[in-house]
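# What the coordinates show
Residues per chain, in single letters:
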Amino acid sequence: MIKTSYEFDQSILPAGSSLKTNILLRFRVDIAESPRRNLNLSLVIDRSGSMAGAPLHHALKAAESVVDQLEPNDILSVVVYDDEVDSVVPPQAVTNKAALKNSIHKVRAGGITNLSGGWLKGCEHVKTQLDPQKINRVLLLTDGHANMGIQDPKILTATSGQKAEEGIITTTLGFAQGFNEDLLIGIARAATGNFYFIQSIDEATEVFSIELDSLRAVAGQNLKVTLELADGVSLVDTLSLAKVSQNDAGQAVLTLGELYEGEDKLLGLSLAIASAQVGDLPVMKLHYSADVVQDDVIQNISGTADVIAKIGTVEEAAFASTSQIILELSRLTIAKAKETALSLAEHGKHQEAEETLRALVKDLRDKGLNENFEIAEEIDQLEYFAGRIAQKALGNAGRKEMRDQTYQTMTRNRSDLVGRGVTAGDEVYAMPIVNEVGSGVELHCVREGGKLRVKVVSAGYDSTKNVQFPRAIRAEGARYVVEGLELSSDATFYRVRGNITRFAQPGETDIFVTPRQSNFTNTGKASKGPTSAADLPSTDSVGDSILVQCVKDGSKLRARVVSDGYEPDWNMRFPRSVREEGMLYVVDEVKTAPDGKSYIACGEIKRFVQPT
């Protein structure tokens, strides 16, 4: 069965006047031990030019780790794509892990990004093995924008929804900073799958493991909730991510996707209630259903629950306890505010976006919620994003962090997914520097589970406790000196007291003096090649340079840019002496030619060698 419960943000609501209230609904599959369902899984991995080097290396290592975690009754296929789509592992039972991993290990970087072709091939593989008793899932990983095949986000998102109706769910994984987060989140939402932002290349394996853990824990699917609101009650907003529609009776129908074993599916709602009298007030009837495994088969389970609010006098409402529910609803409210602020900023309403976030910060502090560490961390995030939006400097990384934080909070109830963000704040480079700790306290910024945390280094403090610290000046590996620390009211974390400076150890290289730049200086001069490609220097990384590939075009060998952000079909002026079909090159600079429809390779050319 499905267990339901609910709590209002106030345990007693005041009688008399109309009011707005938030409610948190919980849904959980109430089975003593949910049986593990076998997986029908397709990994679809971007191997386009922008993945060349360490990104593809770590992505393939992550894929190999998936193989290690599967069982013989699971079905696996692996698709890789650039402008061509290859099934390096056709659908098969996971009985020979060494052979599967060897096939994955042989993958090399290629050309441009045919995301739709790779994804649809993965869906096709899952469909050939489709079994309603299995978890049928495509995991789509990319680091770039689709620039070949179907590129329209509306078509791809709609297709994802159609595939979900066939029983094929897609989870998307955005790698590094180049992908289109709106597209990947749109595909995941339409399919009621998951989305992950893999911010640093070495956490790919960790994120894949989180998704596999989730798939093993699927206890129910296709959770739908219909709200039958009582007279005088209206739905103001939905605080959780859900597909919202209306039935023939005009009632809101919310599709919430999967239920996980041991994890509540949360649905936050903001309601308006007309004037009510003291006593019990029926607010709504919940009608819910989901597909749940019972007696080794999937059955559709449905039920109805009454939601009733307690109405009391103003005095009773004022003194009524609000308990833990305020914290949980606050997390959803924060996520909703980030989503609203981002939308406002992207419509040019930067001041209104900033005010939205700062007003919420004030409200959270007024309620004393900054005494909870996770909310204190969120306050730092809100202030950081508000400042960046006010300066019109949110940037690509900031936008991705906001969207990821919003998505994870509003869809999952997992602490290891919320509040992730490892991008260094620019302000760290402008901080005053000291070379000795003196009478201050030394702190260190580290990455833990995709989050930047600040820890105490100096003796006399509990090094296991977190430190509430301004988000804008956090950078992994940075050290700081503060005047002092003070414990929070519940003694669970520290707060910084006094001035903050950055600590540079004498004799050690300071990587935060200025933002690191490429050593290359643009010359604007067309590249010249040696006698043959064999005479080119080689490299196994792309860095800030540009990746070029040599391809056969009829009887001619053409050079084309395969890094993201360039026109994939334009010809390029490139030394003929070093052209070899299929070879990848790293060039310092690519300029647009005077004709405005072709490129010129400039600076040094190196032969790209995939790292092992």
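Residues numbered from 1 in each chain as written. Predicted model: local features only at pLDDT ≥ 70, side-chain atom pairs only at ≥ 80, totals over all residues. Heavy atoms only, no water.

Core analysis: the largest hydrophobic core is formed by 47 residues, its most contacted members being Leu 41, Leu 43, Leu 76 and Leu 141. Looking at this core element by element, the count peaks at seven residues for helix H1 (residues 54-69). Contact partners of Leu 76, with chain neighbours within four places excluded, come to Leu 41, Leu 43, Val 67, Leu 70, Val 89, Pro 90, Pro 91, Gln 92, Val 94 and Leu 100. If you look at the next biggest cluster of nonpolar residues, it comprises 35 residues, including Phe 8, Val 233, Leu 269 and Leu 271. (Core = buried A, V, L, I, M, F, W, Y, C linked by side-chain atoms within 4.5 Å. Buried < 20%, exposed > 50% of the residue type's maximum accessible area, 1.4 Å probe, protein only. Helix = DSSP H or I, 4+ residues; strand = E, 2+ residues; numbered from the N terminus. Contact = heavy atoms within 4.5 Å.)

A large share of strand E28 (residues 599-608) lies buried, amounting to seven of its ten residues. Inspection of the sheet shows strand E23 (residues 538-539) paired to E28 by two bridges, in the parallel sense. Across the sheet, residue Thr 539 finds its bridge partner in E28, namely Phe 608. Both strand E26 (residues 572-573) and E28 contribute to a ladder of two bridges, which runs parallel. Its bridge partner lying in E28, Arg 573 is registered against Ile 600. The pairing of strand E27 (residues 584-592) with E28 spans seven bridges and is classified as antiparallel. (Pairing = 2+ DSSP bridges.)

With that out of the way, let us pick up the layout of surface pockets. In this structure, the largest pocket occupies an estimated 1100 Å³ of space. What lines the largest pocket is a set of 29 residues, among which Ala 176, Gln 177, Gln 199, Ile 201 and Asp 544 lie closest to the centre. Broken down by class, the residue content of the lining of the largest pocket amounts to 13 nonpolar, eleven polar and five charged. (1 Å grid on protein atoms, 1.4 Å probe; cavity = no way out; pocket = protein on both sides within 12 Å on 5 of 7 lines; lining within 4 Å. Points joined across faces, edges and corners; volume = space filled by probe spheres on them. Nonpolar A, V, L, I, M, F, W, Y, C, P; charged D, E, K, R; others polar.)

This next bit is on the packing of aromatic side chains. Scanning all chains against the criterion turns up 13 aromatic pairs. Ring plane angle 55° and centroid distance 6.3 Å describe the contact between Phe 179 and Phe 195, whose orientation is recorded as tilted. Highlighted residues: Phe 179 in the loop between strand E8 (169-175) and helix H5 (181-191) and Phe 195 in strand E9 (residues 195-198), separated in sequence by 16 residues. Grouping residues by exposure puts Phe 179 and Phe 195 together as buried. Arranged with centres 4.8 Å apart and planes meeting at 40°, the rings of Trp 570 and Tyr 599 form a pair that is tilted. Of this pair, Trp 570 sits in the loop between strand E25 (556-561) and E26 while Tyr 599 sits in strand E28, and the two are 29 residues apart along the sequence. Chaining the aromatic ring pairs together yields one cluster made of Phe 179, Phe 195, Phe 197 and Tyr 407. The residue whose ring lies beneath Arg 412 is Tyr 260, and the NZ or CZ to ring-centre distance is 4.0 Å. Seen from the ring of Tyr 384, Arg 471 lies directly overhead, with NZ or CZ sitting 4.8 Å from the centre. (Phe/Tyr/Trp six-rings, centres within 6.5 Å; stacked < 30°, edge-to-face > 60°. Lys NZ or Arg CZ within 6 Å of the ring centre and 35° of its normal.)

Attention now moves to the confidence of the model for the chain. Overall, the prediction assigns the chain a mean pLDDT of 89, with 97% of residues at 70 or greater. Within the model, pLDDT remains below 50 along residues 515-521, and this stretch shows six contacts once partners closer than five positions in the same chain are excluded. (pLDDT = per-residue confidence, 0-100.)

We now examine the packing of H1 against helix H6 (residues 204-216). With their axes 8 Å apart at the nearest point, H1 and H6 run at an angle of 30° to one another. The way H1 lies across H6 gives a crossing that is right-handed. Touching His 58, Lys 61, Ala 62, Ser 65, Val 66 and Gln 69 of H1 are Ala 204, Thr 205, Phe 208, Ser 209, Leu 212 and Arg 216, all from H6. Taken together, the residues of the contact of H1 with H6 break down into five nonpolar, five polar and two charged. (Axes fitted to C-alpha atoms, helices over the stretch in contact; angles between N-to-C directions. Left-handed = near helix turned anticlockwise from the far one by under 90°.)

What follows is about empty space enclosed by the protein. Enumeration over the complete set of coordinates arrives at three cavities of 30 Å³ or more. As a volume, the largest cavity reaches approximately 210 Å³. If you list the elements that add at least two residues to the lining of the largest cavity, you get H5, strand E13 (252-260), strand E14 (265-273) and helix H11 (395-411). Here the element with the most residues in the lining of the largest cavity is E13; it accounts for five residues. Of the residues belonging to the lining of the largest cavity, the class tally is eight nonpolar, seven polar and five charged.

This part takes up the pairing of strand E16 (residues 297-312). Bridge analysis of strand E2 (residues 13-14) against E16 gives two bridges, and the strand direction is parallel. By the bridge assignment for E16, Pro 14 is matched with Gly 312. Direction of pairing for strand E15 (residues 279-294) relative to E16: antiparallel, over a ladder of 15 bridges. Counterpart to Val 293 in the pairing with E16 is Ile 298. Joining the antiparallel neighbours E15 and E16 is a turn of two residues, in which Asp 295 adopts a positive phi near 55°.

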